[in-house]
Amino acid sequence: MTKTILTTCPYCGVGCGISATVYEDQRQIKINGDHSHPANFGRLCSKGSALGDTVELKGRLLQPQVYGRETDWIEALDLVADSFKAVIKKYGADAVAFYGSGQLLTEDYYVANKLMKGFIGSGNMDTNSRLCMSSSVAGHKRAFGSDTVPNCYEDYEHAELIILIGSNTAWCHPVSFQRICAAKEANPALKIVVIDPRRTASCDIADLHLPLASGSDAWLFNGLLSYLYEHDALDSAYIEAHTEGFIESRDSINNVSTVQVAEHCQLNAEDVQQFYDWFVHTDKVLSLYSQGINQSSSGTDKVNAIINCHLATGKLGKVGSGALSLTGQPNAMGGREVGGMANQLAAHIEFSDVDKVARFWNAPHTTKKAGLTAVELFDAIHEGKIKAVWIMGTNPVVSLPNADKVKQALQGCEFVVVSDCIANTDTTALAHVLLPAQGWSEKDGTVTNSERRISRQRALFKPAGAAKPDWWIITQIARRMGFETEFNYQNPVDIFREHAALSGFENNGQRDFDISAYAEISATEYDQFQPTQWPVNAAYPQGRARMFADGQFFTPSGKARFIAVTPRPPVNQPTADYPLILNTGRLRDQWHTMTRTALAAKLNQHKPEPFVEIHPNDATHYGLQANGLAHLESQWGSMIARVQLTENKLGSVFVPMHWTEQYASHGRMGALVNPVVDPISKQPESKHTPVRIRPYTPVWQGFILSRRELKITDVDYWIKSKGDGFYRYELAGDTLPDDWRDYVRKNLCNSTAENPQWQDYQDTAKGVYRAARLLDEQLESVIFIAADHHLPERSWLSMLCAKAELTKAERMALLTGSPPVGGADVGAILCACFNVGEKTILAVIKEQGLTTHQQVGQCLKAGTNCGSCIPEIKALFE
Amino acid sequence: MHNKKQKLVVIGNGMAGMRTIEELLSAAPEQYDITVFGAEPYGNYNRIMLSAVLAGDKTIEDIVINNRQWYIDNHITLHAGESKAVISIERGLQKVIAKDGTTADYDRLLIATGSKAVVPDVTGCDLDGVISFRDIVDVNKMLAYSRSHKKAVVLGGGLLGLEAANGLVLRGMDVTVIHNHDVLLNRQMDKPAGLLLQTELEKKGIKFKMAAKLKCLLGDANKHITTVSFEDGSELDCDLFIMAIGVRPNIILAKRAGLYCERGIVVNDTLQSYDPSIYAVGECIQHRGDTFGLVAPLFEQAKVCANHLSAHGVAEYITLPTATKLKVTGIHLFSIGDIQGDKQCESLCFSDSALGIYKKLVLKDDKLVGAVLYGDTADGVWYQQLLEQETNISVLRDGLIFGKIYSSNTSNWVI
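The rules we used
- Residues numbered from 1 in each chain as written.
- Chains lettered and ligands numbered in written order.
- Predicted model: local features only at pLDDT ≥ 70, side-chain atom pairs only at ≥ 80, totals over all residues.
- Helix = DSSP H or I, 4+ residues; strand = E, 2+ residues; numbered from the N terminus.
- Rg over C-alpha atoms; globule rule 2.2 N^0.38 Å.
- Buried ≥ 20, exposed ≤ 12 C-beta atoms within 10 Å, placed from the backbone.
- Pairing = 2+ DSSP bridges.
- Axes fitted to C-alpha atoms, helices over the stretch in contact; angles between N-to-C directions.

**Description of the overall build of chain A**
Broken down by element type, chain A carries 29 helices and 34 strands. Taking 878 residues into account, the globule formula puts the C-alpha radius of gyration at 29 Å, and chain A, at 31 Å, falls close to it. Here the C-alpha coordinates of chain A stretch approximately 110 × 70 × 55 Å along the principal axes. When the 878 residues of chain A are sorted by exposure, 60% land in the buried category.

Structure follows, in structure tokens:
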């Protein structure tokens, strides 16, 4: 029994449509791109394509847990509601907090925000979107008076110049990148400029890469604004008619030259000039920006520095022309729509209009002030001001800056609730109550992508175990807290209708977010919902691709605002103690904290181990070897990573953001990141932390490939990754075990009753140990230990793990780590003394026309020692 | 012209002596009138294949190297049989005398009297049913016992003892090997290899009493062995007792002739004894302190000796490490060089217990100095070459133990 269901990918903000063929009985799905979805038109990236490998039940949180004990929903929900009520009663509403996620569906998000802000009466509802695009939100609101993304993906195909700013689009928004690649192929005149300190995969299609100094983006765009003015490239009519604050902005910049800009940004002046010229001389310019802009202590200013240039040229919200923030998460935008962040209210309503929300919800206690944002919120937990926190579908112990402090905060917190679909994460480990949420393949609701497009996520399977939708869990708690009628939803569409109604409530065109057309949507229509870009209202019943082309903004004056930006360097500059700049970011094949992508073997092949990219000269300076291990340390924490030499900026290192304690002993980059935030957006400066680096030289290094999952806990350094039919462990240790043979027999086997076969190789003097465990003819596990990182490629051995049966040649080559080469078949050994095979002898008899065994002996030595094979050699002449 | 030929007399019709003659005939076929004395009534046979005869893998015919016709064809006078055993060498007269009075004059004498089995220093070794395992007579006795008796005990877990035990088991006897060490072939094998070997031989039905201290052999009224008694008080029933605890050079004749002997007949690098007209090869000699028990050095000695007898006079004998093998069907073992190693040595070990493979290589100063291979001996010859040629193996080290084919495998490691 199969059925095909259209849904949306749960990873990045591109929001690709997926066509899933569902084999309900086997709990399996076949994933294809949805050709009808306007975000991707059938394309998918590696992560989306591998979704079928992530829906297994292994590792899922399937039952509520209370203080480490499995229980039923009733006990768990009662405990959470009672505990929150007790804390609120004793300490007030601000002593509790929710921390949500851009992975939540809009309906989930809506009820969470409604409960916290409207009924508990605190602003302490923030989300991991704070780490992702809050600077864009703040920048949009300053410029446009609303959090509005002006442009859309279709502009990729119309633009004549695309500027990728602080975005490794190729890896982080791969399908958008594919569309841009296709656009460039179709229109070779399309210019691509990449602005990024690193030379990333996105530079592959770049006509110009500007590897600017970390955090210097505002200088570059202020310089552009100045250049536009100097070169008479302004759209004065547009500025006059539709904007305000231009003069102040321009004057604040003070006519910087491209040479000055280049100096500030550590760029070639010619490159800067080239970029500026292209901007001036191209009609359709599209700026795409992401975390390199947002994750900064001046992120909001950087956003506005970019938008200023588009306002100054009138290149905004037009076909092929404008600014588009590439959001990180599948529903970061949906979260923004429902007020998922502490300084927002639902439906893009400002705190100044809180009365509207309060009246709509009939919630007189709706909070009138913003709550604590992510970093502040966990600081407050650390300080004991927040006594109870509910973390929904996210992993702050890994992802927040100064993550070790976050861990301590949760360890010290009175009451920690985590709702998640995965049982073991670094954050679930610290929870008092675990609530099993439905995963992507089970949930129903809506998400909004980077271009304001609302799409449906649809359930593919029945819920796993006792897992429930997030909206259900939240409303159950709300009801138990005394808000039964206000949270009496029966299904997601009930919530969606209310959400849509609120967006139109007393709106009258004052707020950008308006989907009031859906206020009465039927269950059937909701089921058949087609991807649509908001607003969707009486004026735009089919939605709206672009905003602001008419020059009408949501500021009180209706005009867009130039923001005078005074560029600021990142807060913490390198010092003698911490001389390098740490940059962080995503990898192509992993998502966030790997809770789901690491389940897919094929996604773990690309980069199986946390690494640090460093310039070869820096590596030499700090005594690091390629592929050796390095210890990275900041004022806030440390990690260990594998050294990769890359020709990037001197003095700058990069580590991937994904690894957690579930997959690495020392791979959490969040521990190093400085807890510095943008003063306006409160988004952390995750792209710039001063660090130092030194070689980590363990006594031994090695790896294990094992068909069964192992518990490797007593090793100083370990990395775990799942392969196709095996698990891979990269290991290192500061002390040697007494006896490797004993060690592997203890750690690679569950029981001695299995009667495994062992192959061992030991070169003690060189610190080399290798062993394989076989069951019948199948490779169960293999371990390679060396004194350093000189170890074989894992690929061939990995492939052997997947084989049902090893050949003799493979078995004998196994512990060399490389496939057998050139082993000619010599046949059965006849002369054991000189190891001469029957086929070798027959060949020489034939080739040289030999007639006696003595001649054979002269040719091959066969039979000339003990002579016992002479009868057999004689027999070969017959 | 015939009269001008010098006279060469060979005492001993065994493998070393006859290999020397073969080498000599090929180097200088016309130089000597050759006379050979042999105490056994056969032509020349491959003594090391006696185990195969005992095991039934070969017949005596199969192991004959040179039959009587060969001696005729090569104009060699052969005096073979017990009565033709040489009892005296008259060095002054340059003449040898056999038991039956046959004499032969020599210009050059080659002594190749071989070795005798070591007899343990306990009472009862003179009982009937107590034999060594040296020649066709011994094999025939063992075969006869195997048809009429049940219990055999083999003293000595060395190569010969194990081959004897294997043969007797195959002939249907209940065989126990008693060994004074806890590791079989302890001179060639280390403990892991020895244990693998023991397990495999046990599977073939051989029983073992390891680290055993023999007390005495007890017999019945007919002076036939009945019981083997041990220091620990235990006893074994026994119908046939094989002594296989090594050999010592057979030098009775040489000593009686006043040739300088220590443990063996002392020879120089040309295989010449202290009497310039007398050469000696094989298990009866002592060269630079070494005596011999394996076939490979004997063949080398034969080559060098023939070189000097033929008056080429350029070859020098050097004892190379000798590789050891066990001739038991289905068992592959190889051992060469210093397998224990000293403090400066490093070792590489490989084992695959299910395949019954164990390998150990001993290295010193980046050179191979010893090797034990069990179960997979395919690379024995390669290791022997590396060892003999003192090849620096540092670049091969990572893949060395995996054999010649795989040794280059690790060179393509990328990190």
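On we go from here.
**Looking at the pairing of strand β14 (residues 388-392) of chain A**
Residue and element names in this part refer to chain A. In terms of burial, β14 is largely enclosed, as 5 of its 5 residues are buried. As defined by bridge partners, strand β6 (residues 96-100) adjoins β14 across 4 bridges and the pair is classed as parallel. Within β14, the residue paired with Tyr99 across the bridge is Ile391. As paired strands, β14 and strand β15 (residues 415-420) are joined by 5 bridges and run parallel to one another. Opposite Trp390, over in β15, you have Val417 as the bridge partner.

**Examining the sheet that holds strand β30 (residues 757-763) of chain A**
Across the sheet, which stays open at both edges, the 10 strands sit in the order β28(A)-β29(A)-β27(A)-β32(A)-β31(A)-β30(A)-β24(B)-β25(B)-β26(B)-β23(B) with antiparallel pairing between neighbours. Each edge of the sheet is formed by a strand with only one pairing partner; in this case those strands are β28 (717-722) of chain A together with β23 (333-337) of chain B. Within the sheet, the average angular offset between the axes of one strand and its neighbour, ignoring direction, is 10°. One ladder, built from 6 bridges, connects β28(A) with strand β29 (residues 727-733) of chain A; its direction is antiparallel.

**Details of the environment of Gln476(A)**
Residues and elements named next belong to chain A. Its place among the elements puts Gln476 in helix α20 (residues 470-480). C-beta crowding within 10 Å serves as the criterion here: with 20 such atoms nearby, Gln476 is assigned to the buried category. The spatial distance from the C-alpha of Gln476 to the C-alpha of His264 is 55 Å, given a sequence separation of 212 residues.

**A short note on unusual backbone geometry**
The amide bond that connects Trp534(A) to the next residue, Pro535(A), takes the cis arrangement and shows omega of 0°. Mapped onto the elements of the fold, Pro535(A) is located in the loop between β19 (532-533) and β20 (560-561). One non-glycine residue, His75(B), lies in positive phi territory at about 60°. Structurally, His75(B) can be placed in the loop between α4 (68-73) and β5 (76-80). Its identity as a non-glycine residue notwithstanding, Ala311(B) has a phi of 70°, on the positive side.

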